[in-house]
There are 2 protein chains.
Amino acid sequence: MSIIVQKFGGTSVADTEKIKHVADVVMHERNLGNDVVVVVSAMGHTTDHLVKLAKEISDTPPSRELDMLLSTGEGISIALLAMALQTAGCNAVSMNAMQVGIITENIHNKARIVDIKTDKLKKHLKEGKVVVVAGFQGVTEDGEITTLGRGGSDTSAVALAAALEAERCDIYTDVEGVYTTDPRIVPNASRLEEVSYEEMLELARVGANVLHPRAVETAKQFKVPLRVRSSFKLENKGTLIVGVDDMELHKPVTGVAADLTQLRIVVCDVPDTPGHAAKIFTKLSEANISVDMIIQSYARKIENTNDIAFTIDKGDLDKTLKTLDELKSEIKASRFQVDDNIAKVSIVGAGMIDRPGIAASMFETLAKLGINIKMISTSEIKVSCLVDENDAKRALVALHETYGLGCDEVAEVKGTLPEEELN
Amino acid sequence: MSIIVQKFGGTSVADTEKIKHVADVVMHERNLGNDVVVVVSAMGHTTDHLVKLAKEISDTPPSRELDMLLSTGEGISIALLAMALQTAGCNAVSMNAMQVGIITENIHNKARIVDIKTDKLKKHLKEGKVVVVAGFQGVTEDGEITTLGRGGSDTSAVALAAALEAERCDIYTDVEGVYTTDPRIVPNASRLEEVSYEEMLELARVGANVLHPRAVETAKQFKVPLRVRSSFKLENKGTLIVGVDDMELHKPVTGVAADLTQLRIVVCDVPDTPGHAAKIFTKLSEANISVDMIIQSYARKIENTNDIAFTIDKGDLDKTLKTLDELKSEIKASRFQVDDNIAKVSIVGAGMIDRPGIAASMFETLAKLGINIKMISTSEIKVSCLVDENDAKRALVALHETYGLGCDEVAEVKGTLPEEELN
């Protein structure tokens, strides 16, 4: 029998009615003849509620105790799902991370999994049980409870699938799969039957937050086939995410996406002598600020000076300005310019590797629309252009058309796209 | 340094403000120079809420999963209390039963503790930390989570005190100690400075539900000095519960109590041949019905027959009648008579062991008031009389007076007496 790992997020187990529906989905997979391990997050707003309690006690709750606290959230959902399965006549057992042995580093709030014991899991599966495992949590070799941070439950599911050599890891969500672009912006966006890990990573980074990049990285590393699918349309197979070698490449571009969460900072008139850029980005990195696109341009408004421009997450603005202010005299910058009306528009596709001219066709499409490109960055399978925020939607629609990504019908989006969840 | 184990129930940790107060109480004990281990229950109505969720899924939730679910309640309160202690500058660490190693039998919903590992606890204490331990829960040798059932958190605290050879176990509650009787009924009831385990057991059984009998039994077994005290009046030492040998006996009667939770059943006209009583009480016991007082009287309304009367908890009435109906023809009873307007009034005192005449003075007191005694039962340190429910209050006041238990002032009762909690 093959093992399938299924993962259901917080909105899928938000109340007992939804938990009963999840039990139906689990039993549907079991009836196909597979062994099933289910990973669940905490119910709906449980994590928010627990964080609120902690904040009532301390503005900065100690991280070890925060993990003790948050891990109770999944403790509730696993027990209720196991009850729902048993009540529906399906033998099931719940296990927390300590019981399974999901071993992590000894770091709180964002631990990484280092090992998963499979003996107890396999014993239960052998006895014909569905095993319901708490996502998002782990335990150190010393028995300390940890949590995995953002994308934790997705990562738990993928890591379990890898450890159990599962045939597939199914990530259930309230969209029907991965789309060529955001269907809220481009109504005829089409669902992708298949996408590679690499493409999925690039799509996730530019705003298609169906699946956390960390989980995709783990799946890629251990070659775990991932399926993103809806628990409300089981006949729909969703999107399969596999290695690029296992795919047949049809189109150079798989998807287009826009990211509106960044802003651009220009450090103006930095003397054109070595080491200044290094200083800036070392300091930013020490302050734990992620920098995405970087351009150093010879502005030459003042002889022998450069402008250094880069993009950061909007939430990091204050931290970044503080860091730059501390550096200002040292790097002899005249001023810092902040531009927060920007959008990063990207095309992604493993198929562009061997096909030159894809980037050029993107620039041409934008030029035809009279859209000014402020910055460009490229990777092997992605081209990103920074444009004015107001141009993002037009750019997306046009690029989707340019690369022939649309389907004939308007995509049906269940509810809204998922917000990024803590776990 | 001496070790003190403190226990706080669900109402004491009902919200984050109350948890901060508990942290103050803990630090007060620590500042006296003691090592402190704190046992807490789940916050206020958490357990009720979790049971409600389980019932939404199944009328009879599987017991293993119910334990998995309920154990999360204490997981929340221990983490929050450890946070509150650290925030107040007191080094602290929370531990669930699995982390401590509170080993129980492999029985769900009402497991008994068989062993407590103390190595990790002692290591933390040695490092100067307050250890906050989840009450009510345990773990089997196989890593299965169990709960201890009613009185569980009190029992966890006493068992920990025994395992750690603690100097004392302090049970914090919202009354100021154990009283000579219910201060709501007899306003000048006085707080007992000391009471023996045996007396406490008898008082608990007849309705003074400050402390669960199971915890008192455990304390008695391991000779753990227990103190019942209020977290709002730390200058008040509450009531110390110790072995009868460690007490100086002053009065023959320590306390009087009334129990209104029982009803009486009379099985009428059972033939006076051997074995009928045995049949009845064996069947009742098999149906898990606790019988308290029993009287077999030669009613002789019909020649060679007996009436057999006994008392049970009001909640067990349906089960009891069903059991009796199944027996009716076999024991040839004419009918069953149910009397639910009864009260059991008791006097308790280790001092009555060597003093005859105490029971007689009780009967005399009741006779003077014209109160009819329906049944009598006695133990070494208790005399109980079944009376009409309407006579209970008068009886209690008079007996309290007879044995000189009152004090000069009216007892100040904080809020209401605690309802019996699930954990």
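Located above this text is the structure these notes cover.
Description of the structure in this document.

Conventions adopted
- Residues numbered from 1 in each chain as written.
- Chains lettered and ligands numbered in written order.
- Predicted model: local features only at pLDDT ≥ 70, side-chain atom pairs only at ≥ 80, totals over all residues.
- Heavy atoms only, no water.
- Contact = heavy atoms within 4.5 Å.
- Buried area = accessible area lost by both parts, 1.4 Å probe.
- Salt bridge = Lys/Arg side-chain N within 4 Å of Asp/Glu carboxyl O.
- Polar contact = N/O pair within 3.5 Å; in protein donor to acceptor, adjacent residues only side chain to side chain.
- Helix = DSSP H or I, 4+ residues; strand = E, 2+ residues; numbered from the N terminus.
- Buried < 20%, exposed > 50% of the residue type's maximum accessible area, 1.4 Å probe, protein only.
- Pairing = 2+ DSSP bridges.
- 1 Å grid on protein atoms, 1.4 Å probe; cavity = no way out; pocket = protein on both sides within 12 Å on 5 of 7 lines; lining within 4 Å.
- Points joined across faces, edges and corners; volume = space filled by probe spheres on them.
- Nonpolar A, V, L, I, M, F, W, Y, C, P; charged D, E, K, R; others polar.
- Least-squares fit on C-alpha atoms with pLDDT ≥ 70 in both.
- Axes fitted to C-alpha atoms, helices over the stretch in contact; angles between N-to-C directions.

## As for the interface of chain B and chain A
Accessible area lost when the parts come together is the quantity often used to give the size of an interface.
1) Next: With 40 residues of chain B at the interface, the matching set in chain A holds 40 residues.
2) Next: Summed over both partners, the interface of chain B with chain A comes to about 3100 Å²; 67% of that surface belongs to carbon and sulfur atoms.
3) Next: Area buried by chain B at its contact with chain A is led by Ile-57, Glu-65 and Met-83 of chain B, which between them contribute 22% of it.
4) Next: Scanning the region where chain B abuts chain A turns up zero salt bridges.
5) Next: Viewed at the interface, chain A and chain B are joined by 12 residue pairs in polar contact (both at pLDDT 80 or more).
6) Next: Contributing elements (two or more residues each) for the side of chain B that touches chain A: helix H1 (16-31), helix H2 (46-57), helix H3 (63-87), strand E3 (92-95) and helix H4 (97-100) of chain B.
7) Next: It is H3 of chain B that contributes the most residues to the side of chain B that touches chain A, 16 residues altogether.

## Things to note about the pairing of strand E16 (residues 305-313) of chain A
All names here are of chain A.
1) Next: Counting buried residues in E16 gives eight out of nine residues, a clear majority hidden from the surface.
2) Next: Pairing of strand E14 (residues 262-271) with E16 involves eight bridges; the strand directions are antiparallel. Within the sheet, the bridge partner assigned to Val-270 lies in E16 and is Asn-306.
3) Next: Bridge analysis of strand E15 (residues 291-297) against E16 gives five bridges, and the strand direction is antiparallel.

## Structural notes on empty space enclosed by the protein
1) Next: Tallied over the entire structure, the rule returns two cavities of 30 Å³ or more.
2) Next: Contributing to the lining of the largest cavity are 21 residues, with Ser-71, Asn-96 and Ile-145 of chain A together with Asn-96 and Ile-145 of chain B lying nearest its centre.
3) Next: When contributions to the lining of the largest cavity are tallied by element, the ones reaching two or more residues are helix H3 (63-87), helix H4 (97-100) and strand E7 (137-139) of chain A together with H3, H4 and strand E7 (137-139) of chain B.
4) Next: Split by residue class, the lining of the largest cavity holds nine nonpolar, 12 polar and no charged.

## Observations concerning the relation of the copies chain B and chain A
1) Next: For the pair chain B and chain A, the superposition axis carries a translation of 0.0 Å, the fit reaches an RMSD of 0.1 Å, and the rotation angle comes to 180°. Viewed as a symmetry operation, the transformation between the two copies matches a two-fold axis. Taking the C-alpha atom as reference, chain B places Thr-72 of chain B closest to the rotation axis, 2.6 Å from it.
2) Next: Both copies contact each other with a shared surface, as 100% of the interface residues of chain B are interface residues in chain A too.

## Description of the sheet that holds E16 of chain A
All names here are of chain A.
1) Next: Read across the open sheet, the four strands follow the order E15-E16-E14-E17; overall the sheet is antiparallel. Of all the strands in the sheet, the pair left with one neighbour each is E15 and strand E17 (335-339). This sheet shows a mean twist of 20° between the axes of neighbouring strands, independent of strand direction.
2) Next: Bridge count between E14 and E17: five bridges; the pairing is antiparallel. Opposite Val-267, over in E17, you have Phe-336 as the bridge partner.
3) Next: On the sheet, helix H9 (residues 276-286) packs against E14, E15 and E16 and is oriented at approximately 20° with respect to E16.

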